[in-house]
Amino acid sequence: AMAFSQVFARLWINLRRTRRSVWVTLLGVVIVVWLLQEASESNLQPHEPVRPPVDPVSPAPRKVVPESNVREQLSEALKQAHALIEEAQMDTTVKRELTTTEGSREEALSRRVQSDMEAKAEKDEGYRRNAFNQYLSDRISLHRKLKDPRHEDCRARTYDVASLPTTSVIIIFHNEARSTLLRTVHSVLDQSPPSLLEEIILVDDASTTDWLRGPLEEEIKSIPKVRLLRVPKRSGLIRCKVYGADAAKGEVLTFLDSHCECNVGWLEPLLERIHINKTIVVTPVIDNIDHDTFEYSGQQQVYTRGIFTWSLTFSWLDIPYEEVQKRKDPIAPLLSPTMAGGLFS
């Protein structure tokens, strides 16, 4: 500002010495320079953006729910409440029927109403625990009747039951499902001549599920010829079989899996072969129960024997055709170099 005033003063002195026209011209130049300087300084100052005027926000209008909608919501809430009450009553009914006559549990579960999500969760949990459809098994009678697929000669054959030895049936289990374990027990009782069945020994290999403790002990009190033994710690299948064999009272030991079903006429042929020759081990024909549908399937004639593959894996293999042609009796027993270790006498 000081330099600009000095320059202006000198110009003024010079202008007074010059002609008037020159003075006017110089004065115009000075004014132009001053205007340019003011314009440049104004451009250096920040400017606030121009904002459009904002209208005040008015509050949202209140929503008035029609009376009919309120009634519909109340009605829906009451329906949901009644559904929850019925579900709770059904749960109470199921629990009460578990303590009544045997078999009522399966009937109660089959009548139980569940949502698709609840049913799927129960099915998935059963597969996770047992690798089979426990959901369906729990709804099948413990005394279900299986079709008889035997050869007509087997059905027509009779046995001198009075001359056959008695047997103790030994079943090893660990965290087995209730329905499959008890269906095995009841199938033995239902399909065995009472005079040949000395006892059924259940050996618990340190199970951890709750129902296999007190509830199982209460249930087997009403089932005849059943004894429950518990090993103090997890011992494995073979040790538990020896443990059960040491406690057996029958003349012959018969071992079964904890998830199988005995069909009609299953026991007499096993005991007859041992009665003829006490040095042999006899295995029954092992049919199939589908792990998903629990459908039973069997064959009239079975021409297979146990083998080991080169990797020492047990399997079944049909006997050669020439051996089949030599057989005069279609229901005669087959010789086998090895056997499955789950079911035998």
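Residues numbered from 1 in each chain as written. Predicted model: local features only at pLDDT ≥ 70, side-chain atom pairs only at ≥ 80, totals over all residues. Heavy atoms only, no water.

(A) Representation of the overall build of the chain within the structure. Of the regular secondary structure elements, the chain holds twelve helices and eight strands. Split into buried and exposed, the 345 residues of the chain put 29% on the buried side. Roughly 23,800 Å² of accessible area belongs to the chain as shown, and the carbon and sulfur atoms make up 57% of that amount. (Helix = DSSP H or I, 4+ residues; strand = E, 2+ residues; numbered from the N terminus. Buried < 20%, exposed > 50% of the residue type's maximum accessible area, 1.4 Å probe, protein only. Areas by Shrake-Rupley, 256 points an atom, 1.4 Å probe, with all protein chains shown as cover.)

(B) Spotlight on empty space enclosed by the protein. Going through the model one piece at a time under the given rule, you end up with two cavities of 30 Å³ or more. What the largest cavity holds in volume is close to 100 Å³. As for the largest cavity, its lining consists of 13 residues, of which H143, R144, S187, Q191 and C262 are closest to the centre. Of the residues assigned to the lining of the largest cavity, the class counts are three nonpolar, five polar and five charged. (1 Å grid on protein atoms, 1.4 Å probe; cavity = no way out; pocket = protein on both sides within 12 Å on 5 of 7 lines; lining within 4 Å. Points joined across faces, edges and corners; volume = space filled by probe spheres on them. Nonpolar A, V, L, I, M, F, W, Y, C, P; charged D, E, K, R; others polar.)

(C) Local environment of the pattern of salt bridges. Summed over the entire model, instances satisfying the criterion amount to 15 salt bridges. We note a salt bridge from R213 to D204, for which the minimum N-O separation is 3.5 Å. The closest approach of N and O atoms between R234 and D205, which form a salt bridge, is 2.9 Å. Of this pair, R234 sits in the loop between β3 (226-230) and α10 (237-247) while D205 sits in the loop between β2 (197-204) and α9 (214-220), and the two are 29 residues apart along the sequence. (Salt bridge = Lys/Arg side-chain N within 4 Å of Asp/Glu carboxyl O.)

(D) Region of the structure containing the nonpolar core. Grouped together as the largest cluster of nonpolar side chains are 30 residues, with contacts concentrated most on V169, I171, V188, I200, L202, L256 and W266. For this core, the element with the most residues is helix α8 (residues 178-191), which contributes four residues. Those residues within four positions of V188 in sequence are excluded, and the remaining contacts are V169, L197, I200, L256, C262 and W266. Grouped together as the second largest cluster of nonpolar side chains are nine residues, I172, I201, V231 and F255 included. (Core = buried A, V, L, I, M, F, W, Y, C linked by side-chain atoms within 4.5 Å. Contact = heavy atoms within 4.5 Å.)

(E) Looking closely at the side chain of E268. Position of E268 among the secondary structure elements: in helix α11 (residues 268-276). For the buried E268, no salt bridge exists, and the shortest N-O distance to an oppositely charged side chain is 6.8 Å, to R150. With near-sequence residues (within four places) excluded, E268 lies in contact with Y159, L164, P193 and L196. (Lys, Arg positive; Asp, Glu negative; His and termini not counted.)

(F) Spotlight on the side chain of S192. As for its placement among the helices and strands, S192 is situated in the loop between α8 and β2. By relative accessible area, S192 is classed as buried at 8%. At 2.6 Å, the side chain of S192 and the backbone oxygen of V188 are in polar contact. Within the local environment of S192, its side chain forms a polar contact with the side chain of W266, the two groups lying 3.0 Å apart. Ignoring anything within four residues of it in the chain, the contact list for S192 reads L197, W266 and L267. (Polar contact = N/O pair within 3.5 Å; in protein donor to acceptor, adjacent residues only side chain to side chain.)

(G) Examining the environment of D204 more closely. In this fold, D204 is placed in strand β2. Judged by its relative accessible area of 1%, D204 is buried. For the pair D204 and G244, spaced 40 residues apart in sequence, the C-alpha separation works out to 9.8 Å. A distance of 3.5 Å separates polar atoms of two side chains, one belonging to D204 and the other to R213.

(H) Just α10, in detail. By the burial criterion, the buried members of α10 are C240, K241 and G244. One side of α10 carries all its buried residues, which in axial view fall inside an arc of 105°. Counted as exposed and oriented over 90 degrees from the buried face of α10: I238, R239 and D246. On its buried face, α10 sits against β1 (167-173), β2 and β4 (252-256). (Arc of directions from axis to C-beta.)

(I) Seen up close, the packing of aromatic side chains. The final tally for this structure, using the stated rule, is four aromatic pairs. Arranged with centres 6.2 Å apart and planes meeting at 75°, the rings of F308 and F314 form a pair that is edge-to-face. On the basis of relative accessibility, which here comes to 26%, the residue F314 falls in the partly exposed class. Both rings, one in F314 and one in W316, keep their centres 5.2 Å apart while their planes meet at 80°; by these two values the pair is edge-to-face. What links up through ring pairs into an aromatic cluster is the set F308, F314 and W316. Directly above the aromatic system of Y135 lies the positively charged group of R139, at a separation of 3.7 Å from the ring centroid. (Phe/Tyr/Trp six-rings, centres within 6.5 Å; stacked < 30°, edge-to-face > 60°. Lys NZ or Arg CZ within 6 Å of the ring centre and 35° of its normal.)

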